[in-house]
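Topology and contacts: notes
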Amino acid sequence: DRTRIDRYDPAAIEPRWQARWAELRLHETDLHDEGREKFYLLTMYPYPSGDLHIGHWYIITPSDAIARFQRMHGRNVFFPIGFDAFGLPAENAAIKNQIHPWQWTFRNIDHMRAQLRTMGATFSWPNEVVTADPDYYRWNQWIFLRFLEAGLAYRATATVDWCPNDGTLAREQVEGADRHCWRCGALVEKRDLDQWFLRITKYADELLDFSGIDWPEPIRVMQTNWIGRSDGAEVVFTTAPDDVQPGGDELRVFTTRPDTLYGATFMVLAPEHPLVGRLTHPERQAEVDAYIARAERETEIERLSTEREKTGVFTGSYAVNPVNDERIQIWVADYVLAGYGTGAIMAVPAHDERDFAFARRFGLPVRRVIAPKEQAGELDDGSSMTEAYVSKSQDDVLVNSRLFDGLPAPSAFGAIVDRLAAEDRGKAAVTYRLRDWLISRQRYWGTPFPVVYCERDGIVPVPDDQLPVRLPETVDYEGRGENPLRHDHAFLDTTCPRCGLPARRETDTMDTFIDSSWYWYRYLSPHKPDGPVDGALEARWCPVDQYTGGAEHAVMHLLYSRFFTKALNDIGVVHEREPFKRLFNQGQVLGADGERMSKSRGNVQDPDELIARYGADTVRLFLMFMGPWDQGGPWSPTGIGGVHRFLNRVWTLVLDPRGVEAGDPEAGRLPAGETPEAAARALRSAAHSTLRVVTDEYGGFRFNTMVAHLMELANLLYHYRGTDVAGGEAWDEAVRLLLLMLAPSAPHIAEELWARRLAARGEAWHSIHTESWPAVDAAAIEEEAREVPVQVNGKLRDRLLVPPDIAPAELERLALGREKIQAALAGHELVRVVVAGGGRLVNVVVR
RNA sequence: GCCGAAGUGGCGGAACGGCAGACGCGGCCGACUUAAACUCGGCUGCCCGCGAGGGCGUCAGGGUUCGAAUCCCUGCUUCGGCACCA
């Protein structure tokens, strides 16, 4: 009789419990409580775009389940949240709708706070951080000044990536072969500008070291590749004298293959190389100038793929190879990059694909200097080669390399470097792909740089006691779309803190990735007035025990954060050198079309409708049940009804154990031959073995199978609903465990049913979320009999029901005695019998 | 091109080298209902067979093993990252 109990109505239950939890301050962490083990759980804070979409739920709700699970294990869990509130969308909205970025941002934050509460997530709200708040960004400024003092921040003129919409970009913010802006997709240009940089390259080697942190392999690989350490040598060539210039200029190149030095048949300089002008012969001047002009234009318009045919021009000059004094031509070509290595290469066409293509195109010589040992004597000098030989086989030896001939290539590497070093014509060298982090942005909505430009004193830092340098409250975009600070004289005009003469403020603001590079430290003391980080709390709570967030930040936020931690450690602000002990990358929920969710594509899934229809618990559980958390995938609500049905069944099981469904002819009766005692044992066994696996699955973030196992237990309970065991002791224990296991994931329904259960038993109320995680009773899981599959040649033929402690020999005898096995054996020769895994399976091998 | 991850029913997905397809969706059948919805029960990888049962099955092809979705090799496909990095 289903009318006996009230319906499961999440809309009634969920807000009530959320209010109660807030009232009880159940999730506000006492950071000073030293009685319990700490657990700092961090999830990437959202950008306040206006609406929470299903992707936010996908990141946050399983993280919340982790927080609740850890609390049930007695840990003092710190699970803060905040808003990454600076950034371009606010400014774009401001320009478009004539609304101040402040208003836009803080209105969105208000809305999102309310949405976040509907999740039932247990954030420690008093620790909230909003990066656009002067209380936050003043510490960006403070940290910047300390970096400046420590030489970790500097201003330099450099060729930088420039987006026509967003201005300068960090190297990491330029994507794809066509080099487009990560944010707006516009093609990125090159510009020579005076900008602020952070010296991340100082930490390149340390950033390659992941020992001591438990991060996913793909992220480690991506960061490693991004940093791109190359071990090789710097080799000093000199320019050869001729009738135009005296020669003797040093031309340094970086190579990873010093063992191929005798194969260098020409040199190539990047078009931007400083010596190009000096080395260009008058009769080639026009051609070289034209080439450089074209190269500049081309990098601005588009950089085509590696398939593009190589281009270049001869300068007319020659260089001298330091090992054999050979004169080789110096060319200019855009396949050599100004910003990597020394901006110049020695070309070894025989052993480099790019050099080979270039040599063939321009008829330059190819000389083989590496060959497989067994062919070393037979091969020609390389002129007939049809492709570069780039293999780095251990069996390669040097040829055509004079006294190094016959030496294995790996040892020649060292031998040649040694000789160069001895003659002061080169040395071992390391080069990285990683560049210093360009942090200047030509934008209003970001942290102002705390520096002024004084006519007399130059760049002058703003003294600490004058921080924060605030963004002006009113902004006038004048319809231009460019940084309004440039025209805001109230902001712009100031006096030099050093000499008092008129000075001008820096109008660029900091990359917003600065904000996210240390926000987890500020969570610990968001209102601390005299410093960015509370050292005592930081020492106790950091590093973060578990970080959850998307992999799309692999070489941006996740790399910058590691750099910041090391740099903050160096300036004495924090105690450790790695911020996040353990990282988990959940997958991304894509739109129904399989594309990344975005407003412009119109494929954003709004969860509010689902919450209204099914409740937060169902949505939470469904997102966990969809598939492995690290996988993500296209959004489809198909199947959410099944999860909702499951929660309804749990509701019924707890509130109406003795009810009998009309639809099942067997309802209310135990299966023929099953005693109530056996049924009770089966229930206990199922409950405790479920507890065992579910505990493990929570720990490993395998939420999809965790939910499946809870469903299985509920299905079994349903099976016994209305029978003599329903409502009994074993039943009650199973229900209790089910609710406890459900509590981290579906916190509202678990709390509601827990409260009703306590009331029914006449016990005083206490929250299920303050309960301890239950312990497995191993004795309950022990079974009386066990099913053993019997295979013939690996194919399942029969099953045996045997006592759990049966001897292997006995198992073998029983298996061979079975009719089906005998039948399968007929006409075959018995080879042997394998009893595998301590009696878990029998395999009869026949011929 | 290089690096990384992954290919399992109609679908999402399970499976310490040991019973492939748990759990859920969808579908079919049935019960309840005047009826429908809800709910409940049963069946549901493909092929042959009334059935008992048998055959085939984890991207393709090889290999290792008593035994392979799982390990190894080759290839194909999809997704993510990098983009002439010397």
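Preceding block: the structure.
Right, let's walk through the structure included here.

Calculation notes
Residues numbered from 1 in each chain as written. Chains lettered and ligands numbered in written order. Predicted model: local features only at pLDDT ≥ 70, side-chain atom pairs only at ≥ 80, totals over all residues. Heavy atoms only, no water. Salt bridge = Lys/Arg side-chain N within 4 Å of Asp/Glu carboxyl O. Helix = DSSP H or I, 4+ residues; strand = E, 2+ residues; numbered from the N terminus. Pairing = 2+ DSSP bridges. Axes fitted to C-alpha atoms, helices over the stretch in contact; angles between N-to-C directions. Expected span 1.5 Å × (residues − 1). Buried < 20%, exposed > 50% of the residue type's maximum accessible area, 1.4 Å probe, protein only. Arc of directions from axis to C-beta. Contact = heavy atoms within 4.5 Å. 1 Å grid on protein atoms, 1.4 Å probe; cavity = no way out; pocket = protein on both sides within 12 Å on 5 of 7 lines; lining within 4 Å. Points joined across faces, edges and corners; volume = space filled by probe spheres on them. Nonpolar A, V, L, I, M, F, W, Y, C, P; charged D, E, K, R; others polar. Parallel < 35°, antiparallel > 145°, perpendicular 65-115°, else oblique. Left-handed = near helix turned anticlockwise from the far one by under 90°.

1. Some points on the pattern of salt bridges
Summed over all chains, the structure comprises 54 salt bridges. Between Glu217 and Arg220 there is a salt bridge, with its nearest N and O atoms 2.9 Å apart. Pair noted here: Glu217 and Arg220 are both in helix α7 (residues 217-227), with a separation of three residues, about one helical turn. A salt bridge links Arg354 to Asp352; the nearest nitrogen and oxygen atoms lie 2.5 Å apart. Through salt bridges that share partners, Glu206, Arg562, Lys566, Asp570, Arg577 and Glu578 make up one connected network.

2. Quick look at the sheet that holds strand β22 (residues 458-461)
Strand order in this open sheet of four strands is β22-β21-β24-β23, and the pairing throughout is antiparallel. In this open sheet, the two edge strands, each paired with only one partner strand, are β22 and β23 (493-495). Sheet twist, expressed as the mean angle between neighbouring strand axes with direction ignored, is 45°. Pairing of β23 with strand β24 (residues 502-505) involves three bridges; the strand directions are antiparallel. Across the sheet, residue Thr494 finds its bridge partner in β24, namely Ala503.

3. Section: helix α15 (residues 557-570)
When the terminal C-alpha atoms of α15 are compared, their 20 Å separation across 14 residues agrees well with the 20 Å that a helix rising 1.5 Å per residue should span. Extensive coverage of α15 is indicated by the burial of 13 of its 14 residues. Backbone geometry just downstream of α15 places Gly572 in the positive-phi region, at approximately 80°.

4. So, helix α4 (residues 101-118)
Under the 1.5 Å per step criterion, the end-to-end length of α4 is 26 Å for 18 residues, consistent within 8% with the ideal 26 Å. For α4, the full list of buried residues reads Pro101, Trp102, Trp104, Thr105, Asn108, Ile109, Met112, Gln115 and Leu116. Along the axis of α4, the buried residues cluster in a sector spanning 160°; they form a single face. Those residues of α4 that are buried are in contact with α2 (54-72), β3 (82-83), α3 (88-97), β4 (129-130), α5 (134-149) and α16 (607-614). Phi turns positive, to about 80°, at Gly120, one or two residues after α4.

5. So, empty space enclosed by the protein
Where empty space is left in the structure can be found by rolling a water-sized probe over the atoms. One pass over the full model with this rule turns up two cavities of 30 Å³ or more. Counted as a void, the largest cavity has a volume near 180 Å³. For the largest cavity, the lining is made up of 16 residues, of which Leu88, Arg183, Arg441, Arg443 and Thr512 are closest to its centre. Of all the secondary structure elements, the ones that give two or more residues to the lining of the largest cavity are α3 and β25 (509-510). Along the lines of polarity and charge, the residues of the lining of the largest cavity split into five nonpolar, five polar and six charged. Put simply, the second largest cavity is a space of about 40 Å³. Lining the second largest cavity we find Asn140, Ile143, Phe144, Phe147, Leu198, Met510, Ile514 and Phe564. When the residues that make up the lining of the second largest cavity are grouped by side-chain class, the tally is seven nonpolar, one polar and no charged.

6. Considerations on the packing of helix α17 (residues 616-625) against helix α18 (residues 640-655)
For the pair α17 and α18, interaxial distance at closest approach is 9 Å and the crossing angle is 120°. Compared by their axis directions, α17 and α18 come out oblique. Two packed elements cross with a definite hand, and for α17 against α18 that hand is right-handed. In this structure, α17 uses Asp617, Thr618, Val619, Leu621, Phe622 and Phe625 to contact α18, whose residues at the interface are Ile640, Val643, His644, Phe646 and Leu647.

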